[in-house]
Amino acid sequence: MAGKQLSKVMKYELRYVEGCGGFYEMQHAVWNVISQTQELLNKTIQAYFQWDCRCRDHLRLTGEKLDEKKELGCTLDNYIYHHLRDEYADLSSAMVIAVVRKAAKRYKASRFNIEKGKESVPSYKRDQPVLLHNKDGIRLTGDVHNAEVLLTMFSREYQKRTNLDSRVRFKVMVCDRTQESILSKVLDGQYSLGQCQLVYDKRKWFLLLTYQFTPEERKLDPEKILGVDLGEAFAIYASSVGEYERLRIEGGEVTEFAQSCEARKKSLQHQAAYCGEGRIGHGTKTRVDAVCSMQDRIANFRKTINHRYSKALVDFAVKNGYGTIQMEDLSGIKSNLEYPRRLQHWTYYDLQSKIEAKAAEAGIVVRKVKPQYTSQRCSRCGNIDPENRKEQATFCCIRCGYRTNADYNASQNLSIKGIDEIIAKELSAKDKQSEKE
C-alpha cells in the first residue's frame, strides 16, 4: 500500500476572531456565500441536464453525436464556469471551480439512472457547506494549542465593495487527543490538506478538515487470511485455519443499550402528559424533543460501537500479520430473503463498511464471499448440511462429529482461500452423489 494516499476528515469547532466586522456581520456574509453556493450547484446541475437533452435531440434528428469542444469551444465544465462566474462574482474563483466540480461529479454519478427514468435530476437544499480549496481557500497558522484558520470565501471585488479583510479568521478548538494529534501533523506538514468544508450545525460553526497521508508500510502477508464472522452471540469472531490466536467480541452491547433507551423513551412519553413548564408552551415539538433525542442516542451509540469493534479487528490483524481479511458480502441483505435473518440488520453492514475503511488504511486487503453455507459447512471435513447447526450457538457435524462454537466454525471457513469455489464444488459433488443414489 506504500505510495497510495488516503483521505480522512476530522470535525473541529470554530470560534470567530475577525475578518467580517462583528459576529453577526460574519454570519450574514457566510450565509450569503451558502445561499449562492446552493444556487450555483443547482444551476450547474441544470446546465448538465440541458446539455444532455440537447445531445439526445441532436442524435435523434441527425444520427450524429454532438462534439463538446466544437459546439462550445471548450469542455462543458469550463463553459459552465465561464458563464456562471460573472453571475456569482461575490464568490472566490477557487470556490466557484470547487462548486462546479462538485455538482458535475454528482450529476455524472446519476446520469445513467436519470436517462433510464429511475432517478430524478439531483437538487441541493439551502444548508450547503462552504467548499474551501486546499491551496487558495484555507490556511492554518499557529501551533496545536493556539491554532487559527484563515478562510478565503469572497472575491476581491466583493472585499473592496464591502471593505472586508482578505480572509475570515477563526480559532480552532481542540477537544481531545485525536484532534490534537491530527491538527499537529497537519501543521507540521506530515499530513497534507485536502478540500475542506465550513458547516453550520446546532448554532455553531465547524470545520470539516480533510487531511491526506500515506499509511506506513507494514509487514503483512497477503496469503495469510483472517476469516471474520459477524453474528449475534459474538458481534465479531475472527480466526484463521491453523492459527491458535483468535478475536472474540461478544454481542448484545448495542441491544442492551437500545433496550434501556427504549424504556427511558416510554417513560418520557408518559411524562409528557404532566410535564413541567420547561416542556410546555411551544406545541407538540417541545414535548417530544426529549423522546427524539433518545433515538439519536441509540444511533450515535451504534456508530461508536462499530468504530470501536472495527478498530479492534484491524489492530488484531496488523498485530498478527494478516494481509487479507475475508468476510461475508452483506450488500443487498435487505432485499434478499436468502440471507440469514441475523444479518438483515443495518448495524452489520455499517460495521463491515467501517472494517473496510480501517483495513484500507492499514494496507489490508478485504475480500467478500457469499454468506450462504459458510455457517453450515464443517471446517474440519467439509460436510455441508443444515443439520450441522441445529442450534444458533453450537455447531456439530453429523458426519465427523466435530463440535465447536458456531461462529468460530464459520470464521474458520471464511479464512480459507477461494471458499466460494470450494463450497460450489462440494455442493455439486453432493448433488451428483444424490442423483446416483
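Up top is the structure.
All values derive from a computational prediction rather than experimental measurement.

Q: Would you mind showing me how to read the pattern of salt bridges here?
A: Note on pairing: side chains with opposite charge can pair once their charged atoms come close. Summed over all chains, the structure comprises 18 salt bridges. With a shortest N-O distance of 3.0 Å, R169 and E148 are connected by a salt bridge. Note that R169 is positioned in strand β5 (residues 168-173) and E148 in strand β4 (residues 148-151), a separation of 21 residues in sequence. Judged by relative accessible area, which is 24%, R169 ranks as partly exposed.

Q: Teacher, can you tell me more about the layout of surface pockets here?
A: To locate leftover empty space, one rolls a probe as large as a water molecule over the atoms. The calculated volume of the largest pocket comes to roughly 840 Å³. As for the largest pocket, its lining consists of 22 residues, of which K8, Y191, Y211, F213 and E361 are closest to the centre. For the lining of the largest pocket, the secondary-structure elements that each account for two or more residues are β1 (6-18), α6 (177-188), β8 (204-213), α8 (283-319) and α9 (346-362). Per-class residue counts for the lining of the largest pocket are ten nonpolar, three polar and nine charged.

Q: Explain the pairing of strand β12 (residues 322-328) here, please?
A: Side chains on a regular strand alternate between the two faces of the sheet. Most of β12 sits inside the fold, with seven of its seven residues counted as buried. As defined by bridge partners, strand β9 (residues 221-230) adjoins β12 across five bridges and the pair is classed as parallel. By the bridge assignment, G227 is partnered in β12 with Q326. Note that β12 and strand β13 (residues 365-369) share five bridges and pair parallel. Across the sheet, the residue bridging to E328 is V369, located in β13.

Cut-offs applied
- Residues numbered from 1 in each chain as written.
- Predicted model: local features only at pLDDT ≥ 70, side-chain atom pairs only at ≥ 80, totals over all residues.
- Heavy atoms only, no water.
- Salt bridge = Lys/Arg side-chain N within 4 Å of Asp/Glu carboxyl O.
- Helix = DSSP H or I, 4+ residues; strand = E, 2+ residues; numbered from the N terminus.
- Buried < 20%, exposed > 50% of the residue type's maximum accessible area, 1.4 Å probe, protein only.
- 1 Å grid on protein atoms, 1.4 Å probe; cavity = no way out; pocket = protein on both sides within 12 Å on 5 of 7 lines; lining within 4 Å.
- Points joined across faces, edges and corners; volume = space filled by probe spheres on them.
- Nonpolar A, V, L, I, M, F, W, Y, C, P; charged D, E, K, R; others polar.
- Pairing = 2+ DSSP bridges.

Just geometry here; none of it tells us what the structure is for.
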